[in-house]
Amino acid sequence: MKVLVIGGGGREHALARKFMQSDQVDQVYCAPGNPGMASDGIKLVPLAVDQVDELLAWAQATEIDWTFVGPELPLFLGIVDRFRAAGQKIFGPSQAAARLESSKKFAKEILVENGIPTAHYQVFTDFPTAQAYIQAASFPLVIKADGPAAGKGVVIAQDLASAEAALADILEDKRYGSQSQVVVEECLTGPEFSFFSLVHDGQVLHLPTAQDHKRAYDQDRGPNTGGMGAYAPVPFVSEALYQEVVRTIVDPLLQAMEAAGHPYSGVLYTGLMLTAEGPKVIEFNTRFGDPETQILMPLLGDDFAETIDQLLEGQPAQLTLNETGPSLGVVLAAEGYPTPYAKGMDLTPLVQACPSEISLIYAGVGEKSGHLTAQGGRILMAVAQGRDLTQAAERVYALLDQHPIPQTFYRHDIGGQAITQPKEEKIS
Ligand code: AMP
Ligand code: GLY
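Parameters at a glance
- Along every chain, residues carry numbers that run from 1 in the direction the sequence is written.
- Going through the entries in the order they are written, you letter the chains from A and number the ligands from 1.
- Side-chain atom pairs in this predicted model are given and counted only at pLDDT of 80 or more, local residue features only at pLDDT of at least 70, and totals for whole chains, interfaces and linings cover all residues.
- For the side-chain quantities, the full set of heavy atoms in the structure was used; hydrogens and water were omitted.
- Numbering goes from the N terminus for both helices and strands, where a helix is a DSSP run of H or I of at least four residues and a strand is a run of E of at least two.
- When accessible area is computed with a 1.4 Å probe and restricted to protein chains, residues below 20% of their type maximum are described as buried, those above 50% as exposed, and intermediate ones as partly exposed.
- Whether two residues touch is decided by their heavy atoms; if any such pair falls within 4.5 Å, the residues are in contact.
- Buried Ala, Val, Leu, Ile, Met, Phe, Trp, Tyr and Cys residues form a nonpolar core when they are joined through side-chain atoms within 4.5 Å.
- Neighbouring residues are identified by heavy atoms, a residue being near a molecule or strand if any of them is within 4 Å of it.
- As used in this structure description, the phrase polar contact means that two N or O atoms lie within 3.5 Å; if the pair is within protein, one of them must be able to donate a hydrogen and the other to accept it, and residues adjacent in sequence are counted only when both atoms belong to side chains.
- Only the protein chains shown count as cover for residues, and all accessible areas are computed by the Shrake-Rupley method using a 1.4 Å probe.
- As defined here, a cavity is a set of points on a 1 Å grid over the protein atoms alone where a 1.4 Å probe fits but cannot get out. A pocket is an open set with protein on both sides within 12 Å along at least five of seven lines, and residues line them when an atom is within 4 Å of a point.
- Grid points are joined across faces, edges and corners, and a volume is the space filled by probe spheres set on the points.
- Basically, the charged four are Asp, Glu, Lys and Arg, the nonpolar ten are Ala, Val, Leu, Ile, Met, Phe, Trp, Tyr, Cys and Pro, and anything else, Gly included, counts as polar.

### Some words on the side chain of Gln88
Part 1 of the reasoning: Its location among the elements puts Gln88 in the loop between helix H4 (79-85) and strand S5 (90-91).
Part 2 of the reasoning: We classify Gln88 as buried; its relative accessible area is 13%.
Part 3 of the reasoning: For Gln88, the residues in contact, after removing those within four places along its chain, are Leu56, Ala59, Gln60, Ile64 and Phe83.

Here you go:
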C-alpha cells in the first residue's frame, strides 16, 4: 500500500511512523511533513495542507491507496468531499460533518437536541442581548467565540466585568471576524480527558483515553498552548466510565449525525469533563489531537494501517492494542512560545543521546548542514512507555534533563496527578 498523510507536525509524524510499521505498507508520504521524518523513511511532498486541488492531483498521479488527514484546516475546506468525488479513498469527515469542530453552535445544537450531556448554553449575535443575559446570570461563565473564522477563543469569566469585556471583544470589536457570534456556557468543573473514536460506514473503534496539558508552564500556569505534554491511558477513567462515554455520548452523537444526513467518518475526538453528574462534552474535534496522537500511537499494534484500510474498504475492522504499558510524552518548546520564539538551535546533542526506549517525534524542525534545528514553537516531543506512568515520565525526563538545548523549555510535571495518585483500575 501507498499512504498519504496530510499535515506536517508531531501528530502527522506519529501517524506516518505508525503506518510505516505495517507489513502491508510500502511507502508513507507526508504533505508537507517536516525534515525530522526522513530518518523514519517517510517521504515528504512539498504541498501545503490547504492546496486541496494539488493534493488530489498528486494522490491520483502517485496512485495512493488512501489518504489520512491530520489537521482541521483541510477538513474545513472540504478535502474529504473533493477526494471522494474523484474516487480517492480518504479517512476524515465531510465538510458538513466537520462542523462538529468548525461551529460550536452546530455541535451544541446536536448535543442538546439529542439529550447528550453538555454544559447549558445560549448563542448571541448582538452585544446588548448578550449583555442583558449575563447581567442576570450567575458566575463563573464560559464565553466562546464562534463563526467561520473564529478560531479558538474561550474565556472563563469569573465576574460580570470580564464577561462583558469578552463579549465586547467578539461582538463589538470583531476580534474573531465580522461573522462571529458568541456561545455563553455554564462553567463545568471536574477533571478533563479526551476520547478518540475511529468511525467509518457503520463501524466504530475506540482508542484508550488521553489527557493533555495545555498551559505553557508547570502547575498549569501561563498562557494556553497547543499542548505541552500528554499521557495515556488516563488512570481515573474506569472501564465503567469508558463504557458510559460510549453509551451516553459517542454512540448517540454518531446516530444523530447519521439521522441529520451527515454520517460521520474519520477520527472523532470528544473532549470531556468528569463532573459530579457524570461525563459531559466540552467540545468535539474532527481529527486526532496534537500532542495526544504522539502518545497514543505507541499503544496501538503495528497493524494500525490495516485497521484504517479495513474501515475504508468496509471490511470488519479490528484495533490491536499493545500490552507494553502506558505512554507519556513531553514537548520541547522554543523560548518565548506561544508568543514569538527563538529559532535555529541545533538539536544534535539531544538527537544523538536519545536511547532506543524513547521516541523523538518532530514538529517544528528544520535542517541545516545535515543537522536538525529548531524552527517552530513546539519543536519535538520525547515519548516513552513504561511499566507505569511514573517510569515512562522518569525515562523522558532523564533524557531532557541531561541533554538541555539552549533557548528551549519544557514542563516538568507532565502526568501530574496521574503519577502522584495512581489508581489500579485499568481501561481497555
Ligand atoms: P474548547 O476550545 O471548547 O476546547 O475550550 C478550551 C478549554 O476551555 C477546555 O479544554 C476547558 O478546559 C475549558 N472549557 C471550555 N468549556 C468549558 C465549560 N463549559 N466549563 C468549564 N471549562 C470549559
Ligand atoms: N491537544 C488539543 C488539540 O489537538 O486540539
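### Considerations on the nonpolar core
Part 1 of the reasoning: Grouped together as the largest cluster of nonpolar side chains are 59 residues, with contacts concentrated most on Leu100, Leu253, Leu328 and Ile379.
Part 2 of the reasoning: Among the elements that line this core, the one with the most residues is helix H9 (residues 239-259), at 10 residues.
Part 3 of the reasoning: Excluding its chain neighbours within four sequence positions, the residues that come into contact with Ile379 are Leu332, Ala333, Ala334, Met345, Leu347, Tyr362, Ala363, Gly364, Val365, Ala374 and Thr408.
Part 4 of the reasoning: Ranked by size, the runner-up nonpolar core spans 40 residues in total, among them Cys30, Phe288, Ile308 and Val331.

### Describing the site of ligand 1
Part 1 of the reasoning: In the vicinity of ligand 1 lie 16 residues, with Glu185, Glu186, Leu188, Glu192 and Glu283 positioned nearest.
Part 2 of the reasoning: Interatomic distance of 3.3 Å between a side-chain N/O atom of Lys104 and an oxygen atom of ligand 1.
Part 3 of the reasoning: Glu186 is positioned with one of its backbone polar atoms (N or O) 2.9 Å from a nitrogen atom of ligand 1.
Part 4 of the reasoning: In isolation ligand 1 exposes 470 Å². Once the protein is present, 88% of that is buried.

### Things to note about empty space enclosed by the protein
Part 1 of the reasoning: Enumeration over the complete set of coordinates arrives at 1 cavity of 30 Å³ or more.
Part 2 of the reasoning: Lining the largest cavity, in full, are Gly10, Asp290, Pro291, Gln294, Val331, Ile361, Tyr362, Ala363, Arg378, Leu380 and Met381.
Part 3 of the reasoning: Those elements that place two or more of their residues in the lining of the largest cavity are strand S19 (358-362) and strand S22 (378-385).
Part 4 of the reasoning: With 3 residues, S22 is the largest single contributor of residues to the lining of the largest cavity.
Part 5 of the reasoning: Across the lining of the largest cavity, the residue classes tally to 7 nonpolar, 2 polar and 2 charged.

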